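One letter stands for each residue in the lines below.
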Protein chains: 4
Amino acid sequence: MKNLRLTAIEVDGKPRPRSTVHIGGIPVGQFPVVIAGPCGVESEAQTMEAAIAVKGAGAHMLRGGAFKPRTSPYAFQGLGVKGLQILEKARQETGLPVVTEVIDPRDVHWVAEYVDALQEGARNMQNFSLLKELGRAGKPVLLKRGMHSTIEEWLNCAEYILSEGNPDVILCERGIRTFETYTRNTMDLSAIAAAKELTHLPVIADPTHGTGRPSLILPMSLAALAAGGDGLIVEVHPNPEKALSDGDQALTPGQFSQYMQKLNSFIGVMTAWK
Amino acid sequence: MKNLRLTAIEVDGKPRPRSTVHIGGIPVGQFPVVIAGPCGVESEAQTMEAAIAVKGAGAHMLRGGAFKPRTSPYAFQGLGVKGLQILEKARQETGLPVVTEVIDPRDVHWVAEYVDALQEGARNMQNFSLLKELGRAGKPVLLKRGMHSTIEEWLNCAEYILSEGNPDVILCERGIRTFETYTRNTMDLSAIAAAKELTHLPVIADPTHGTGRPSLILPMSLAALAAGGDGLIVEVHPNPEKALSDGDQALTPGQFSQYMQKLNSFIGVMTAWK
Amino acid sequence: MKNLRLTAIEVDGKPRPRSTVHIGGIPVGQFPVVIAGPCGVESEAQTMEAAIAVKGAGAHMLRGGAFKPRTSPYAFQGLGVKGLQILEKARQETGLPVVTEVIDPRDVHWVAEYVDALQEGARNMQNFSLLKELGRAGKPVLLKRGMHSTIEEWLNCAEYILSEGNPDVILCERGIRTFETYTRNTMDLSAIAAAKELTHLPVIADPTHGTGRPSLILPMSLAALAAGGDGLIVEVHPNPEKALSDGDQALTPGQFSQYMQKLNSFIGVMTAWK
Amino acid sequence: MKNLRLTAIEVDGKPRPRSTVHIGGIPVGQFPVVIAGPCGVESEAQTMEAAIAVKGAGAHMLRGGAFKPRTSPYAFQGLGVKGLQILEKARQETGLPVVTEVIDPRDVHWVAEYVDALQEGARNMQNFSLLKELGRAGKPVLLKRGMHSTIEEWLNCAEYILSEGNPDVILCERGIRTFETYTRNTMDLSAIAAAKELTHLPVIADPTHGTGRPSLILPMSLAALAAGGDGLIVEVHPNPEKALSDGDQALTPGQFSQYMQKLNSFIGVMTAWK
């Protein structure tokens, strides 16, 4: 692939070292990390309960959306600054670094004050204004692959961020759109292996959006790590059936705890094996 | 489809009248309109030559991009404000209303001063911040369907604009991504017929991006009108092989002139037939 | 495209004349033809009623399936030889030539005795044993594009039939699978225009399977002809809601009669225009 | 999913035991199996060399095609019965059970005499005549998912085979068609996890066709097993660049030997972990 001047695994025919991206002290790229939390921040109680649960189960970071990109203008759009304040409080309580999505270039700099990493969402992958601002945000960026985007386009979006001066990009595969309807999207794990052979950046997977089915989250998490992934981002909600967005695919705290036990034991043997 | 409160063809079980969207005096929705011009504004000479050619061939409006959403950060990104000044001059010379894409919500209001209509591009279809600003822009909006977007998502994006107070939305089908590689995208003309049965908004087609092949632009233009489309947007470049973007799919002025002759004769018999 | 030795529009750099395929006296390729009838032959009464209705409305040929490729082994699989006898009787009553699908290479030669043309269905497009038998069937073949097949693969399947000695192939676009769910498939009309520029064979469209929605059949039929199509194949059932297969997309005889009126008037002006 | 009477993991609300399918003494479903060999049987020397190499590296079965479904009628179509005789000889030499594809229902019974298991290929997944014959073949069947087929359609094809009396079906995910072009297909590992939760049948993966890239075969093999897969089928050719089909994606014997070392060590830790 051409034009991946800063993102490519090689420069002038020589390999670059693999990057580690530090988020609030967690070195993504060194060992499998787990980012967990609710789809959207809905209230302090809901977020705090989720944060304490994911911390207790062993997650390394908290996710939660204060700005929600929604199909309909009449759907819950997120709590905005109030959501960010809740996330800040959750970080103080749990010590977990916080990742949140930003959807407007005007919000990048002030949102960056509240959180440890910023997410560029799948619908906005090729929002080039946003990418450029994220390249100047001074905080790590989690770059989700668009549901319609080729691997080449995805890596070029990382290049947009790096070319503005921000080297701290984590790629995230979250499923692409196909004809299949049993799963919400089709998770393309070969994109993880491909991104690892083409770039020096860490790559994680989002099995929640990738599958849309709680029962498939564990097997696809194991598979994502086996394919070379550097971590996972998983939705957890204290009360999925009452969630204001994406409730049907979130794990409960109890399910997440069981998930983390199996995942950690798998990570243990995988780490010993490598 | 739920939640299309302002966009749906019916309200409370009663049909709404079909909308006409006036762009610089051209009533889109009344008769088939043709918007033509270069992909990107590259220079005054190139744009003026294209504008005069499309005017001479009978186009109703001029298109041209001052801000280009490009896969790579190192590709030509458009001339920005200089491009808008060139478009303004082209309008003065030819009298053609001008449509241009805007890709950043911060640019909506000042760009709207220069042009007659604003385009939301396919990659940005679900850039909700941009949609909301376009809903307050005071100028008509050409809303392209995302290459990955369902008809339902597309119509909900129109609803975002209408719900902010701007009733002047024109929908544009420009091809979706599939496995087919002979054409650049797969033009989904059933989306035109569907959008006409579901909404009161005008719907046009972009056979240039839809096919990526000059030889297919005419047949797909005729087909789009036969499917109920209200117009076409076509790329014309004085020198396609030297274009800074998308040159291989643009028509030359000579090809466009022939195209317009056949198209107009078809429109003539179609109009008489209806 | 390579290897289309007999199918390509050119041979040794020189154009071939466009082919006309005669089916029971109807010259497909000379004027727009309409093939209509039920998805499956369910009974003599149902088929005869449909045949008389489509004849009365002006269809040129009768379609009807005696062998139904069905997702589930427990779904109605067609009446087999009894269905063929019913089709034969319908031809005697109405004078309409008959087209039916064959799904097993062992059936090609005896089924060909009953009908005027044989159909290779979308699911079987790359059933190469069947293609080879159809190449030796001595009857015209209607070759549907696979729902997953590129234009290049489709034309190569025509080449399989021609290379076995049967020049009488009609191509049929019937929609491809995409992420869109509003329509049953996504009808790719650019494939019609493409097949017409790449080959000398007639090309028709199937808006019934292409859209899966009765309301979209007329606009997509007009569009298919405007794109250069040589005809249409449409499902008509006397009682769609009781159909044993695909009932929700069939037209009733009354709807088909109205459809034919509009279609014929459109064909009239189109023919005069060309 | 309805209608999976014999294939579903549950019957009358009670779980069925997972099936083991014995192929020439190898119990597929008990431990991860590896099937390897050339895409096509091209000559005795080529097949024997491949067979000895894959045996030496630790594969459990030999694959090789005597009948090749090819896009063009002018491409290498396989050696037919001569190919089967070569496969038989390779089995005698190595002791490896042999799997081969059959593409015509007329061939099922006599081909079954030569080999240990029969493959239904992706292009023929919904060739229902062939499925029914395979249901009466008296030999295990490897059922590849169509490149365009939903999980539900795939499992219904298994049901076709089981409903004819053959319980010995192994499902095989081999990648689906999407817009992505970096990989030949998009391997859908969630289909493996889904098939394991929906059916009692063993499920294996084909990373060769799934990715089309030798460098991605190992990571996707590990991922397929982590997702719950029961084995792998991999193409190996003594001289890939001279292969008559699919050469650019086959592993060399040397590459395969390295692959098996890593794979077996992974299987070792995975087995201990479970």
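Bear in mind that the values here come from a model prediction, so they are computed numbers and not experimental data. (Residues numbered from 1 in each chain as written. Chains lettered and ligands numbered in written order. Predicted model: local features only at pLDDT ≥ 70, side-chain atom pairs only at ≥ 80, totals over all residues. Heavy atoms only, no water.)

**Remarks on the packing of aromatic side chains**
Within the structure shown, the criterion is met by 20 aromatic pairs over all chains. Between the aromatic rings of Trp 110 of chain B and Tyr 114 of chain B, the centroid separation amounts to 6.3 Å while the plane-to-plane angle is 80°, which identifies the pairing as edge-to-face. Of the two residues, Trp 110 of chain B and Tyr 114 of chain B are both situated in helix H3 (residues 108-114); the distance of four residues between them amounts to about one turn of the helix. Judged by its relative accessible area of 17%, Tyr 114 of chain B is buried. Here the basic side chain of Arg 5 of chain B rests over the ring of Tyr 74 of chain A, its NZ or CZ set 3.5 Å away from the ring centre. (Phe/Tyr/Trp six-rings, centres within 6.5 Å; stacked < 30°, edge-to-face > 60°. Helix = DSSP H or I, 4+ residues; strand = E, 2+ residues; numbered from the N terminus. Buried < 20%, exposed > 50% of the residue type's maximum accessible area, 1.4 Å probe, protein only. Lys NZ or Arg CZ within 6 Å of the ring centre and 35° of its normal.)

**Quick look at the nonpolar core**
Membership of the largest hydrophobic core comes to 156 residues, with the highest contact counts inside it found for Leu 189 and Phe 256 of chain B together with Leu 189 and Phe 256 of chain C. Setting aside chain neighbours within four positions, we find Phe 256 of chain B in contact with Val 34, Ala 36, Val 54, Ala 57, Ala 59, Val 234, Val 236 and Leu 251 of chain B. Judged by nonpolar contacts, the second largest core, of 154 residues, contains Ala 226 and Met 270 of chain A together with Ala 66 and Met 187 of chain D. (Core = buried A, V, L, I, M, F, W, Y, C linked by side-chain atoms within 4.5 Å. Contact = heavy atoms within 4.5 Å.)

**Details of the interface of chain D and chain A**
Contact with chain D, which involves 37 residues of that partner, is made by 37 residues of chain A. For the pair chain D and chain A, the two sides together bury roughly 3,000 Å², of which 71% comes from carbon and sulfur. Among the residues of chain D in contact with chain A, Phe 179, Tyr 182 and Trp 273 of chain D are the three that bury the most area, contributing 23% of the side total. In this structure, the connection of chain D to chain A is made through two salt bridges. (Buried area = accessible area lost by both parts, 1.4 Å probe. Salt bridge = Lys/Arg side-chain N within 4 Å of Asp/Glu carboxyl O.)

**Considering the environment of Ile 52 of chain D**
Checked against the element boundaries, Ile 52 of chain D lands in helix H1 (residues 44-57). Sequence spacing of Ile 52 of chain D and Arg 184 of chain D is 132 residues, and the spatial spacing of their C-alpha atoms is 28 Å.

**Thoughts on helix H6 (residues 189-198) of chain B**
Here H6 of chain B lies mainly inside the structure; nine of its ten residues are buried. Looking at the buried residues of H6 of chain B, the elements they touch are helix H5 (151-163), strand E10 (169-173), strand E11 (203-205) and helix H8 (214-226) of chain B together with helix H6 (189-198) and helix H8 (214-226) of chain C.

**Re the pairing of strand E10 (residues 169-173) of chain A**
Residues and elements named next belong to chain A. Judged by how many residues are buried, E10 sits mostly within the fold: five of five residues are covered. Burial along E10 is two-sided: Val 169, Leu 171 and Glu 173 facing one way and Ile 170 and Cys 172 facing the other are all buried. Summarising the sheet, strand E9 (residues 141-144) and E10 pair through four bridges and their orientation is parallel. Note that in E10 the partner of Leu 143 across the bridge is Leu 171. For the handedness criterion, the β-α-β arrangement of E9, helix H5 (residues 151-163) and E10 is classed as right-handed. Judged from the three bridges that link them, E10 and strand E11 (residues 203-205) form a sheet pairing that is parallel. By the bridge assignment for E11, Cys 172 is matched with Ile 204. One crossover worth recording links E10 to the parallel E11 by way of helix H6 (residues 189-198), and it is right-handed. (Pairing = 2+ DSSP bridges. Right-handed = clockwise from strand over helix to strand, strands pointing away.)

**Some remarks on the relation of the copies chain D and chain A**
Structural alignment of chain D on chain A gives an RMSD of 0.0 Å, achieved by rotating through 180° and translating 0.0 Å along the axis. Here the symmetry operator amounts to a two-fold rotation axis. Distance from the rotation axis, computed per C-alpha, reaches its smallest value in chain D at Ala 223 of chain D: 2.0 Å. Interface residue correspondence from chain D to chain A reaches 100%, placing this contact among same-surface, isologous pairings. (Least-squares fit on C-alpha atoms with pLDDT ≥ 70 in both.)

**Some words on the confidence of the model for chain A**
The pLDDT averaged across chain A works out to 97; a share of 100% of its residues lies at or above 70. The complex model carries a pTM of 0.97, and its ipTM stands at 0.97. (pLDDT = per-residue confidence, 0-100.)

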